[in-house]
Amino acid sequence: MTSSAPSHLHPDRLLPASEPAKSIARELYESVKDLPLICPHGHTDPSWFADNQRFPDPASLFLIPDHYVLRMLRSRGISYDDLGVPRRDGGPVADSRSAWQKFAENYYLFAGTPSKTWIDHSFSLAFGIEDELSGDTASQIYDTIDKRLGDADLLPRALLDSFKVEAIATTEFALDDLPHHQKLATDGLIGQVRTTYRPDDVTDASRPAIAENIKKFGELTGEDVTKWDGLINAHRKRREYFRKFGAVATDHGVPTAMTADLEPSEKQALLDKVLAGRHDAVDAELFRAQMLTEMALLSVEDGMVMQIHAGSRRNTDPLLFGERGPDKGADIPGTTDYVGGLQALLGRCGNEPNLNIIMFVLDETTYARELAPMAGYWSSLQIGPPWWFHDSPQGIRRYLDQVVETAGFYNLAGFNDDTRALLSIPARHDVWRREVCRFLGEWTAEHRLSASTATELAKHLSYDAAKAAYHLP
Amino acid sequence: MTSSAPSHLHPDRLLPASEPAKSIARELYESVKDLPLICPHGHTDPSWFADNQRFPDPASLFLIPDHYVLRMLRSRGISYDDLGVPRRDGGPVADSRSAWQKFAENYYLFAGTPSKTWIDHSFSLAFGIEDELSGDTASQIYDTIDKRLGDADLLPRALLDSFKVEAIATTEFALDDLPHHQKLATDGLIGQVRTTYRPDDVTDASRPAIAENIKKFGELTGEDVTKWDGLINAHRKRREYFRKFGAVATDHGVPTAMTADLEPSEKQALLDKVLAGRHDAVDAELFRAQMLTEMALLSVEDGMVMQIHAGSRRNTDPLLFGERGPDKGADIPGTTDYVGGLQALLGRCGNEPNLNIIMFVLDETTYARELAPMAGYWSSLQIGPPWWFHDSPQGIRRYLDQVVETAGFYNLAGFNDDTRALLSIPARHDVWRREVCRFLGEWTAEHRLSASTATELAKHLSYDAAKAAYHLP
Amino acid sequence: MTSSAPSHLHPDRLLPASEPAKSIARELYESVKDLPLICPHGHTDPSWFADNQRFPDPASLFLIPDHYVLRMLRSRGISYDDLGVPRRDGGPVADSRSAWQKFAENYYLFAGTPSKTWIDHSFSLAFGIEDELSGDTASQIYDTIDKRLGDADLLPRALLDSFKVEAIATTEFALDDLPHHQKLATDGLIGQVRTTYRPDDVTDASRPAIAENIKKFGELTGEDVTKWDGLINAHRKRREYFRKFGAVATDHGVPTAMTADLEPSEKQALLDKVLAGRHDAVDAELFRAQMLTEMALLSVEDGMVMQIHAGSRRNTDPLLFGERGPDKGADIPGTTDYVGGLQALLGRCGNEPNLNIIMFVLDETTYARELAPMAGYWSSLQIGPPWWFHDSPQGIRRYLDQVVETAGFYNLAGFNDDTRALLSIPARHDVWRREVCRFLGEWTAEHRLSASTATELAKHLSYDAAKAAYHLP
């Protein structure tokens, strides 16, 4: 064991360990590591960029909002109360500093996880911290971070610039008024910051508030949403509104990839049921399935890229959901049938030249069996980067292994960081770029790609592909 | 990036890039690379070998019939009209040379795909072309190929010999009269060229023409095919007829692996329905399922090897199918249950010593979970090589990774090229041999196989296994 | 091919073949190879340790009881009669020496399989045999083994000590009186040898004897098992009895991961049906599903670790089952839904701090998609080591590849040998340790782990994790 430098900072991390792939990959990585970042899908808070205020304390930045981190600590018996995660009943939870101490004492649990890579990288890049987080270093690191957070170069807009973020998209629901993006427009920042149209609030009929939401949607757009055509027209108007604030894409979070293509009378009957609250689970799924096809048809009209994030079973722990609400770590992937699921949508408009659907996948068994063959046929389909638990070194390796040969490199949509954690953005893109260069380096070393093709592809996958997939200028 | 030679021609391509596996694999490859080719399953056109005429122009050879190539171009928005793919309505499509130009301009899309490997290898082997296909080189390469196609050494029979094809099987339907094989018999070529009995035309009741086909089947064989026993006897006779033209195997293309073992009265009732056109989708599946078991029972009688190609969902794009028919790139794999599916067949005759079923798989999740355990138990089951999208370097790596430990090397059926593209045959076998030697080289370098065992296995998997699996002399 | 030493004995076997990972992995392996063995789950015969008699002849030791070996030989057409496997009808089968000869002549079939690794290792470790088993060496190796079996150092208790087995658990059914463990208690060996509570005989209502078994269960415990609470109390008492003989865990062999959480009246109605023999397959599954939840609730009470071995389809060959009974090689894995299956159990008690469930998996597609995300959230869930066909070098590689990033290292339960073959125990742990060190060595070489973390994790996964997961002292 020759290396004594901290593992997370080694300049060759994740690259092949042996020659000749090592040198090839390193050279490729040098050529892409400083390219600007394209962040066409994510969940950063637009108020950060609109208000440009200092981030709160370290725990609120690195711990409380990060469900990857929270879930791992919980899995080893650490309570969310002790980690300072707010309760719905307003009951007391640990304060920021003691939650941080608990986190630090258990940071060894993250050995080998992407979370550790992202956090270590963030610590180093933004705060110059090279010590390993632990019970011993917890307090000192807390102070270092807390002190730096007020510095001008750590304010949100400055970070976008220093991270070389050329474009970043946030994600807002259809009923959102986009107040922060209005402010960003006033300040001339739309373009670098963009919204995304995510109409789950008015397309997911499994939500208790669905009828109320659709009613609001009608009021917001002046459309008669009790009629199917009016409902679609409301979407049409709202998509136009979002495009004013930079939106180039829509996004759809769905448990399955099911789509439908119903007759007009069937659609109206379904809407009637939903608005009357008479729909059951099967109706709800059918409504969502039909709405996906409607969104695709609107994309054919207006050219917005359609993102489908399919396959998560949400809120699998009722106790957690009752105590603290959604997005706290209890969402678990399931199997997904893309061929059967997308059949109705693709049969209706899959050959439209103006349509670009990007599929995000949690069921890796579909990479080689379904997604790569589909993306390698349909002009309207691209495969998004590895998502969620699979946005990791091994996840990226399995992805490239399984999709490239059948889909080719040019049916991939490049990288998405898909994060709520602003500071992790450079780390996530860096892991992707290192893994891409590793992959291309290995294939070049095996004489499967020429050196010049590998160089082109490294840039394509690190930068150009995402711009092209999302039609970014 | 030290290498400047074209990637597709490097003598060490696909072999391990690092020592010591590299030298071991290279030595293994040297020992097998010139072995004759056994091609026991494929879709070359028997008229080529019967008539021995020159191949038409380059586009008709490399582009129009290759659904791998067409689908990738379509996936990036290139229309089949512009690629010269014939329309059912007889409408105009691009001529050969302009289609070729379009293909060449977009050839960069194939970086990293098996198609590029096969095409580059064919260009080099048959035509001495070492330039990369591109918009710039399109015309010159077209002319080079076109000029050479009339040369005696590029006529089909000469190619079989120069490729060292010891045996090649074509695939014909049950109703086929085998006129080309009759000619080949006259010319003494049966043995090097063989037919295969693929009775899907009379076993797949989802086809509109099924009743008519079964009627023809009765006329062809003189059997009363309105009775179940007569139908089976018709198969018995037809299999015998095919064996006269070298057939050693049957082949069955099925969407699932479902089999059945019905009572005689149930079988007759099912046949009555099918002949009367009163069957629904469930009946059609049951008919196909029962016919698989019947085919296995006939194999027990006559010793023909039974090939099952399961798991493709055909013609998933109705627009394409309407415009240009089947086999144009819109077939997509799905999940397959082999344990449940084959239960009826194996329960009926799985222990018969005379039975050899070779399973071809599109759902890689079944390799380690179902197929390897089944092939490692049933004497009647072998695992075919990676098929279709998985006939690729990564596909072969995933296959060997997942099947060998449980099935052993001796329950594998060696390699099949399964191609419609005669010129790609040497390239496909070469990729398999390189990957086998890579795998054996790595395992030898890890001291998991002795050098002598690796040498034996390299030959076995490159040549002997296919001969043994298909009972070829 | 430089190496001429027998492959199975090379000191670097399975470690990375190339530097720098090779040296790192080798150093890690040196640090763990001699650690004591923790064997918390397996199927060795407790009478061996109780009676401490010499093992019978070589075939009875290495061939007849090993379904891995039998199935592979059968798959190549060798009959179980010729291998000496007893018939239910008492018909003649080959004697030990001629069965051994048949095995040896076909030993080449095991190239690349874990069986060969374990057997070669056992031959070398226990008998000093370095020759390869073959038709030529069969007789001499038979004699060598047979002669040594009577030596004092090859008696079962001596082997436990020389193998450094710190603790080994056997597995007994709920109705078992544990006579061998009673003898072991008298001899002061409980602790080194332990039982495990496997109540499938009274929880699996698909068994013909279920009603009779439950009746016996009532007699054994003095509980009224016709009432649901009495049935649960009978388990409560029986678990306590097993704990007297060292049991720290329960074990449950189930075809699916389905659990249920019924109302009291539903439970009683289900029990009434089962006891009256009026239950169908759906009832039987529901009974089993509910009993899993009951077992979890009892584990919350008494702290016993709960092992779930899910996903095997048993006895898929009716002919074999009729001729020779279960566990002869015809059990085949199937797909398993862990998220849906465990929902009822986890919803009921998944957050209980006292609960530890270890999941054993045959459907590798669930590693990254379901198991790792679940173990990385629920404090009550850990992932067991690769099981059965996946307890192999490639199986361990796929496992570590897919679980570590999301579950972390500390949600893994270490290693289980899960074997009926006492002599294979050191070989199996050795493969696991080599593969763990290979994995950690590669990640260290890629600068993903520090050298000190890798050293800690090597020991953790080789020894500490299993002790901790099973609460062993």
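Residues numbered from 1 in each chain as written. Chains lettered and ligands numbered in written order. Predicted model: local features only at pLDDT ≥ 70, side-chain atom pairs only at ≥ 80, totals over all residues. Heavy atoms only, no water.

A. Quick peek at the overall build of chain A. Each helix and strand counted, chain A has 20 helices and 11 strands in total. In terms of overall dimensions, chain A is globule-like: its C-alpha atoms have a radius of gyration of 23 Å, near the 23 Å expected for 473 residues. Seen through its C-alpha atoms, chain A measures out along the principal axes to roughly 70 × 60 × 45 Å. A burial count over chain A gives 64% of its 473 residues as buried. In chain A, 76% of the contacts between residues at least 6 apart in sequence involve partners at least 24 apart. (Helix = DSSP H or I, 4+ residues; strand = E, 2+ residues; numbered from the N terminus. Rg over C-alpha atoms; globule rule 2.2 N^0.38 Å. Buried < 20%, exposed > 50% of the residue type's maximum accessible area, 1.4 Å probe, protein only. Contact = heavy atoms within 4.5 Å.)

B. Molecular detail of the interface of chain A and chain C. Between chain A and chain C, the residue contacts involve 50 residues of the former and 44 residues of the latter. Here chain A and chain C share an interface that buries about 3600 Å² over both sides, 56% of which is from carbon and sulfur atoms. At the junction of chain A with chain C, the criterion picks out five salt bridges. The partner of Asp337(C) in a salt bridge is Arg313(A), with the nearest N and O atoms 3.4 Å apart. Counting only elements with at least two residues in the side of chain A that touches chain C, the list comes to α4 (67-75), α15 (318-324), β9 (332-333) and α18 (393-407) of chain A. Of all the elements, α18(A) adds the most residues to the side of chain A that touches chain C, at five residues. (Buried area = accessible area lost by both parts, 1.4 Å probe. Salt bridge = Lys/Arg side-chain N within 4 Å of Asp/Glu carboxyl O.)

C. Seen up close, the relation of the copies chain A and chain C. Overlay of chain A on chain C (RMSD 0.0 Å): rotation 120°, translation along the axis 0.0 Å. Between the two chains, the operation in question is that of a three-fold axis. A share of only 4% of the interface residues of chain A reappears at the interface of chain C, consistent with the copies meeting through non-equivalent patches. (Least-squares fit on C-alpha atoms with pLDDT ≥ 70 in both.)

D. Up close: the pattern of salt bridges. The final tally for this structure, using the stated rule, is 135 salt bridges over all chains. Residue Arg54(B) is joined to Asp146(B) by a salt bridge in which the shortest nitrogen-to-oxygen separation is 3.2 Å. Of this pair, Arg54(B) sits in the loop between α2 (46-51) and α3 (58-62) while Asp146(B) sits in helix α7 (residues 138-148), placing them 92 residues apart in sequence. In this structure Arg54(B) comes out as partly exposed when scored by relative accessible area, which is 39%. Salt bridges linked by common partners bring Arg397(A), Glu435(A), Arg438(A), Glu442(A), Glu405(C), Glu446(C) and Arg448(C) together as one network.

E. Up close: the domain arrangement of chain A. All names here are of chain A. What the domain assignment lists for chain A is domain 1 (7-48 + 162-469) and domain 2 (54-154). The interface of domain 1 with domain 2 comprises 32 residues on the first partner and 28 residues on the second. Linking domain 1 with domain 2 are two salt bridges. One salt bridge in this structure joins Asp317 and Arg74, with 3.6 Å as the shortest N-O distance. Summed over the shared surface of domain 1 and domain 2, the number is nine residue pairs in polar contact (both at pLDDT 80 or more). Of all the elements in the fold, those that place two or more residues in the side of domain 1 that touches domain 2 are α15 and α19 (425-445). The residue inventory of the side of domain 1 that touches domain 2, partitioned by class, reads 15 nonpolar, six polar and 11 charged. (Domains from an automatic or database assignment. Polar contact = N/O pair within 3.5 Å; in protein donor to acceptor, adjacent residues only side chain to side chain. Nonpolar A, V, L, I, M, F, W, Y, C, P; charged D, E, K, R; others polar.)

F. Region of the structure containing the sheet that holds strand β1 (residues 37-39) of chain C. Residues and elements named next belong to chain C. Taken together, the three strands give an open sheet; going across it, the order is β1-β2-β4, and neighbouring strands pair in parallel fashion. Strands at the two margins of the open sheet, each flanked by one partner only, are β1 and β4 (193-194). Along the sheet, helix α19 (residues 425-445) contacts β1 and β2 (165-169); its crossing angle with β1, the most-contacted strand, is approximately 105°. (Pairing = 2+ DSSP bridges. Axes fitted to C-alpha atoms, helices over the stretch in contact; angles between N-to-C directions.)

G. Structural context of the packing of helix α19 (residues 425-445) of chain B against helix α20 (residues 451-469) of chain B. Residues and elements named next belong to chain B. The interhelical angle for the contact between α19 and α20, taken along N-to-C directions, is 160°, at an axis separation of 10 Å. With respect to each other, α19 and α20 are oriented roughly antiparallel. Between α19 and α20 the crossing geometry is right-handed. Residue-level inspection shows Trp432, Arg433, Val436, Cys437, Leu440 and Thr444 of α19 in contact with α20, the latter providing Ala451, Ala454, Leu457, Ala458, Leu461 and Ser462. Taken together, the residues of the contact of α19 with α20 sort by class into nine nonpolar, two polar and one charged. (Parallel < 35°, antiparallel > 145°, perpendicular 65-115°, else oblique. Left-handed = near helix turned anticlockwise from the far one by under 90°.)

H. Representation of the environment of Gly384(C) within the structure. Residues and elements named next belong to chain C. By the element assignment, Gly384 lies in the loop between β11 (381-383) and α18 (393-407). Separated by 32 residues in the primary sequence, Gly384 and Asn416 have C-alpha atoms spaced 7.8 Å apart. Those residues in contact with Gly384 that lie beyond four places of it in its chain are Ile358, Met359, Phe360, Tyr399 and Ala413.

I. Here's a closer look at the interface of chain C and chain B. Each side of the interface is counted separately: chain C has 50 residues, and chain B has 44 residues. Summed over both sides, the interface of chain C with chain B buries roughly 3600 Å², with 56% coming from carbon and sulfur. Its salt-bridge partner being Arg397(C), residue Glu446(B) comes within 2.8 Å of it at the nearest N-O pair. In this structure, the connection of chain C to chain B is made through 22 residue pairs in polar contact (both at pLDDT 80 or more). Broken down by secondary-structure element, the contributors of at least two residues to the side of chain C that touches chain B are α4 (67-75), α15 (318-324), β9 (332-333) and α18 of chain C. Among the residues forming the side of chain C that touches chain B, the class breakdown is 19 nonpolar, 18 polar and 13 charged.

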